[in-house]
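These are the residues of each chain, in order.
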Amino acid sequence: MDEMKVLTDQIELLIAEGDPVKLNEYLDNLNISDVEGLIDELPEYADTFISTLSINRAVNVFRILDFPTQERIVKKLSGPKLAELINELPPDDRTSFFSELHGDAVKKMIILLPPADRKEALSLLGYPEESVGRLMTPDYITVKEHWSVGRVLDHIRKYGKNSETIDVLYVIDSNGILLDDIRIREILLVKPDILIRDLMDNRLISLKANDPQEEAINIFRMNNRVALPVTDDQQIMLGIVTVDDILWVANEEYTEDMQRIGGTEALDEPYMDMSIINLVRKRAGWLVLLFLGQLFTASVMGHFEAQLAGALILAIFIPLIMSSGGNSGSQASTLIIQAMALGEVSLVDWWRVMKREILSGLLLGVILGVLGYLRLYVQHVAFGDLGEHWNLIALVVGLSLLGIVTWGSLMGSMLPFILRRFGADPATSSTPFVATLVDVTGLIIYFSVATYILKGTLF
């Protein structure tokens, strides 16, 4: 039997018994991920689970839930339990939760905090929405360069319990300026009388509070850190960002990009939780835009009506031509968007990318062009229904595929750069958008090649 099904059946029995002590014991012995799974399976009992869990475990479960689930839970929690939960949330998770709430709800939540935490929450919320400042926590350990290792260890024992992580310690001067960071293993492996300044290597990596979160993701990826310090423009230390928060943001960024690549706005909540009206609203804008783009395809067909009337056989290969161009453009666009997301390609690389995609497009075009020509040759030999000018028609298809695949690769690779240059999300150059653009231009290429080669024969 499925493990989650067993857990669900057992929980439903305990709830039916109405014994909160047994329910508490059972929930507190489960893994955090199992409790999250139960909330997904039995959303109507989500607030019951959070209320029943010990506060530390309730916080750990609450912080990994998606926002819509969190919002539903806090609406049902009793006042004292809500206050306890909000107060125990780590500052970075609390800021992330507050930033999703509407204004009035945020005010009600912040009032539940003690004055010091309230000031801290308002400070973190003051940073731009997609900035590193929204992710940082002020719970970390700082030391001074003239301290001995023995004093540092005493300091950790006294204050380390409330720190987000003690894997890394941060060296600051008397003005709060960040000087260096030191991993805890370096402290543990030396004698107690060694001074911190003797352990400093001055290879400091830090983030700025106003840096975009996307940049922080790339820095974490390149430097293999569990936490990074955050400073202001004067290098004064403000907080730290931990890798768990970065992984969460990276997952959200990936999800949004995938939705945009698919031709829809990013969804604000899980698919199954969205109303049909909101789902339609998210998708309608893109569909209308793509529909208007396809109208140009009809206009191009109308413009070349005379050529189609003179050689109806050309119409047979229109789907082949359009799909080949759209596929090559979508491939190129997806590759470049992924490379941008991983930090492998930046705006300054546009010229190198263009040269690579022109060459790649030509080679791919040659492959498809040859296949297209051979396909018509086989049809002529087998059925003989292409007429006396079959070789010219085959040449039109082959050369058109060469041009359209090259053009599709070029457009698909350059659109993300153009969007990034104007401050838009490169993922917006989604598969449907690229395909529609290449469809229109591909028909122009196809009929232009046909007009040139077939002039004086079929035309």
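Refer to the structure printed above.
The rules behind these values
Residues numbered from 1 in each chain as written. Predicted model: local features only at pLDDT ≥ 70, side-chain atom pairs only at ≥ 80, totals over all residues. Heavy atoms only, no water. Helix = DSSP H or I, 4+ residues; strand = E, 2+ residues; numbered from the N terminus. Contact = heavy atoms within 4.5 Å. Phe/Tyr/Trp six-rings, centres within 6.5 Å; stacked < 30°, edge-to-face > 60°. Buried < 20%, exposed > 50% of the residue type's maximum accessible area, 1.4 Å probe, protein only. Core = buried A, V, L, I, M, F, W, Y, C linked by side-chain atoms within 4.5 Å. Pairing = 2+ DSSP bridges. 1 Å grid on protein atoms, 1.4 Å probe; cavity = no way out; pocket = protein on both sides within 12 Å on 5 of 7 lines; lining within 4 Å. Points joined across faces, edges and corners; volume = space filled by probe spheres on them. Nonpolar A, V, L, I, M, F, W, Y, C, P; charged D, E, K, R; others polar. Salt bridge = Lys/Arg side-chain N within 4 Å of Asp/Glu carboxyl O.

### Overview of the environment of phenylalanine 97
- For phenylalanine 97, the location among the structural elements is in helix H8 (residues 91-100).
- When near neighbours in sequence (up to four residues on either side) are disregarded, phenylalanine 97 contacts Phe62, Phe67, Gln70, Glu71, Val74, Ile86 and Met109.

### Some remarks on the packing of aromatic side chains
- What the rule picks out here adds up to seven aromatic pairs.
- Where tyrosine 45 meets phenylalanine 49, the ring centres are 6.4 Å apart and the plane angle is 45°; that geometry is what we call tilted.
- What makes phenylalanine 49 buried here is its relative accessible area of 0%.
- With a centroid separation of 6.2 Å and 40° between ring planes, the pair formed by phenylalanine 97 and phenylalanine 98 is classed as tilted. Phenylalanine 98 shares its class with phenylalanine 97; the two are buried.
- Connected via pairs of aromatic rings, a cluster forms that spans Phe62, Phe67, Phe97 and Phe98.

### Digging into the nonpolar core
- By size, the foremost hydrophobic cluster in this structure holds 38 residues, and its most contacted members are Phe97 and Phe98.
- Phe317, Ile321, Phe447 and Ala450 belong to the second-largest nonpolar core, a separate cluster that totals 21 residues.

### Some details on the sheet that holds strand S2 (residues 168-172)
- Taking strand neighbours across the sheet as the criterion, the three strands line up as S1-S2-S3 in an open arrangement whose pairing is mixed. Of all the strands in the sheet, just strand S1 (142-143) and strand S3 (178-183) have a single pairing partner and so form its edges.
- Looking at chain direction, S1 and S2 are connected through two bridges and run parallel. The partner of threonine 142 across the bridge, within S2, is tyrosine 170.

### What to know about the layout of surface pockets
- When its volume is computed, the second largest pocket comes out at roughly 520 Å³.
- Every residue lining the second largest pocket is counted, 17 residues in all, and those nearest its centre are Glu88, Pro90, Asp139, Lys161 and Asn162.
- Only helix H5 (55-62), helix H7 (79-88), H8 and helix H10 (115-125) provide two or more residues apiece to the lining of the second largest pocket.
- By residue number, the principal contributor to the lining of the second largest pocket is H5, which donates three residues.
- Counted by class, the lining of the second largest pocket contains four nonpolar, five polar and eight charged residues.

### Points about the pattern of salt bridges
- Under the counting rule described, the total for this entry stands at eleven salt bridges.
- Between arginine 420 and glutamate 214 there is a salt bridge; the shortest N-O distance is 3.7 Å. Linking arginine 420 in helix H20 (residues 390-421) with glutamate 214 in helix H13 (residues 213-223), this pair joins segments that are 206 residues apart in sequence.
- According to the relative accessible area criterion, arginine 420 is partly exposed, its value standing at 27%.
- Glutamate 214 gets classed as partly exposed once you look at its relative accessible area, which sits at 33%.
- Bridged by salt links that share partners, the residues Arg63, Asp93 and Asp244 form one connected network.

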